[in-house]
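Inside the fold
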2 protein chains.
Amino acid sequence: MPKKRVLVPFKTGSHDHDRCIDLALAEAESACRKQHLRFTELRRRVLELVWSRHIPMKAYDILDELCRDGRAAAPPTVYRALDFLLTAGLVHRIESLNAYVGCGGPGKPHIGQFLICRQCNAVAEIDAPAITQALTQDAKRLGFRADTQTIEIKGLCSECNVSA
Amino acid sequence: MPKKRVLVPFKTGSHDHDRCIDLALAEAESACRKQHLRFTELRRRVLELVWSRHIPMKAYDILDELCRDGRAAAPPTVYRALDFLLTAGLVHRIESLNAYVGCGGPGKPHIGQFLICRQCNAVAEIDAPAITQALTQDAKRLGFRADTQTIEIKGLCSECNVSA
DNA sequence: ATCGTGTTTGTTATAATATAATGTCTTTGG
DNA sequence: CCAAAGACATTATATTATAACAAACACGAT
Ligand SMILES: [Zn+2]
Ligand SMILES: [Zn+2]
Ligand SMILES: [Zn+2]
Ligand SMILES: [Zn+2]
């Protein structure tokens, strides 16, 4: 069984985040080229906004930023771009927050599990195949064939734990 | 470690569902009495509607039913009742569907995992402490202290598997 | 180059989900 | 009964998401 991986770790306040963004955009560019998907300017910009901080981003906040860019933008603008990014495996949706985070392992298919800090909203993405498989197995015992999993854990990250 | 339990199994089309409802209402009545919570007529009715089928129920569908009852009802009516039932541990919210299901193990505190059929919407609730603990443990390794878990699996139930 | 086709984006409107704020009525304990 | 807290009604509004259709654009085939 593949080993557990941390796809997106918790990030400290001070790290070279421009690098996080550049890397994510470069990986997205490459992933889209490989799959013959169009990584348009709009989609690139939305992905950049999703990655603008290591916290889940709301659709309407992204929309506000697009408008601030001077671009003509309405809800469909952002929801369509997000749909594309979701389908392309470049972002994940956090169901319990109606928000979106950048995927830490685009290209490599995986089922992510998300850790979300109640206090500072920081998000980490991990891929623990043992859990995925245990759930699939438990489901199977009830005759249920699982195809997607939503796993979102809330709590306190290490920094917020200390200060709490 | 406690054994895995099925809190709400998948239900066949033909079972004595009135009995499911009566049982859920009786358990709720008892749980509320124990905790000195007021199980009012409105809350009872909303719980009854949540249990009306073994599928996640939407707030506005419940609202429609309340109106059909002849009762004065607006969104806050149903959301307040649902908040009460959530807090009292009598229903769970399915985050990925913005919908609500009756809890299969009220009183006994637990962290449920939900299996949801894409086809017929049937929901089962299980309690697999091994998974809960594995997730908590994985989180801990990242310095994260987990307090709540949202686990929602989508797929096909056994009946829909056959007919698919 | 130009056409035809499918994709992407713009635009307007509306649907679906959820909460804020305020006042009234009801329950409950003293 | 009375006071206080809790529950409910009512109105308004905030938040999240999609429908429907038109215009602009990308791209391969001629
Ligand atoms: Zn960063
Ligand atoms: Zn934190
Ligand atoms: Zn039943
Ligand atoms: Zn089914």
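This is a predicted model, so every value here is computed, not measured.

1. Details of helix H1 (residues 17-35) of chain B
Residues and elements named next belong to chain B. Here H1 contains 19 residues, and its C-alpha end-to-end distance of 27 Å stays within 8% of the 27 Å for a straight helix at 1.5 Å per residue. Of the residues making up H1, those classed as buried are His17, Cys20, Ile21, Ala24, Leu25, Ala28, Ala31 and Cys32. All buried residues of H1 lie within an arc of 130° about the axis, which places them on one face of the element. Relative to its buried face, H1 has exposed residues pointing more than 90 degrees away, namely Asp18, Arg19, Asp22, Arg33 and Lys34. For H1, the secondary structure elements touched by its buried residues are helix H2 (41-50) and helix H4 (75-87). Directly after H1, the chain includes His36, whose backbone phi takes a positive value near 55°.

2. Looking at the coordination of the zinc ion (ligand 2)
Residues and elements named next belong to chain A. Within the protein, the zinc ion (ligand 2) binds to Cys117 (SG), Cys120 (SG), Cys157 (SG) and Cys160 (SG); these donor distances fall in the range 2.1 to 2.3 Å. Its 4 donor atoms give the zinc ion (ligand 2) angles of 103 to 114° at the centre, a pattern that matches the tetrahedral case. Read in sequence order, the donor residues for the zinc ion (ligand 2) give the motif C-x2-C-x36-C-x2-C. Taken together, the residues span a long stretch of sequence, with Cys117 in strand E4 (residues 113-117) and Cys157 in the loop between strand E6 (145-156) and helix H6 (158-163) at a distance of 40 residues. Under the relative-accessibility criterion, Cys117 is labelled buried at 0%. We classify Cys157 as buried; its relative accessible area is 5%.

3. Observations concerning the protein's contact with DNA strand D
Near DNA strand D lie 18 residues; those nearest to it are Lys58, Tyr60 and Arg93 of chain A together with Thr40 and Arg80 of chain B. If you look at DNA strand D and keep only atoms within 4 Å of the protein, 55% of those are sugar or phosphate atoms. Lys58 of chain A places a side-chain nitrogen or oxygen 2.4 Å from a phosphate oxygen of DNA strand D. Tyr79 of chain A has a polar side-chain atom sitting 2.9 Å from a phosphate oxygen of DNA strand D. Residues of the surface near DNA strand D, tallied by class, amount to 9 nonpolar, 3 polar and 6 charged.

4. Remarks on the interface of chain A and chain B
By a widespread convention, an interface's size corresponds to the accessible area lost as its parts come together. Contacts between the two partners involve 36 residues from chain A, matched on the other side by 36 residues from chain B. Both sides of the chain A and chain B interface together cover about 3,100 Å² of buried area, and 60% of this is carbon and sulfur. Summed over the three residues of chain A that lose the most area to chain B, namely Leu142, Phe144 and Ile153 of chain A, the buried surface amounts to 20% of that side. The interface formed by chain A and chain B includes 4 salt bridges. Lys4 of chain A is the salt-bridge partner of Asp138 of chain B, the closest N and O atoms lying 3.5 Å from each other. Scanning the region where chain A abuts chain B turns up 17 residue pairs in polar contact (both at pLDDT 80 or more).

5. Quick notes on the sheet that holds strand E1 (residues 5-8) of chain A
Read across the open sheet, the 8 strands follow the order E1(A)-E5(A)-E4(A)-E6(A)-E6(B)-E4(B)-E5(B)-E1(B); overall the sheet is mixed. In the strand order of this sheet, the two ends are held by E1 of chain A together with strand E1 (5-8) of chain B, each with one partner. Averaged over all pairs of adjacent strands, the angle between strand axes in this sheet comes to 25°, irrespective of strand direction. Along the sheet, helix H5 (residues 129-141) of chain A makes contact with E4, strand E5 (123-127) and E6 of chain A together with strand E4 (113-117), strand E5 (123-127) and strand E6 (145-156) of chain B, crossing E6 of chain A at roughly 130°.

Each value, and the rule that gives it
- Residues numbered from 1 in each chain as written.
- Chains lettered and ligands numbered in written order.
- Predicted model: local features only at pLDDT ≥ 70, side-chain atom pairs only at ≥ 80, totals over all residues.
- Heavy atoms only, no water.
- Helix = DSSP H or I, 4+ residues; strand = E, 2+ residues; numbered from the N terminus.
- Expected span 1.5 Å × (residues − 1).
- Buried < 20%, exposed > 50% of the residue type's maximum accessible area, 1.4 Å probe, protein only.
- Arc of directions from axis to C-beta.
- Contact = heavy atoms within 4.5 Å.
- Donors = N, O, S within 2.8 Å, 3.2 Å for Na, K, Ca; no water.
- Tetrahedral: all angles 85-135°; square planar, octahedral: opposite > 155°, others 65-115°.
- Near = heavy atom within 4 Å.
- Polar contact = N/O pair within 3.5 Å; in protein donor to acceptor, adjacent residues only side chain to side chain.
- Nonpolar A, V, L, I, M, F, W, Y, C, P; charged D, E, K, R; others polar.
- Buried area = accessible area lost by both parts, 1.4 Å probe.
- Salt bridge = Lys/Arg side-chain N within 4 Å of Asp/Glu carboxyl O.
- Pairing = 2+ DSSP bridges.
- Axes fitted to C-alpha atoms, helices over the stretch in contact; angles between N-to-C directions.

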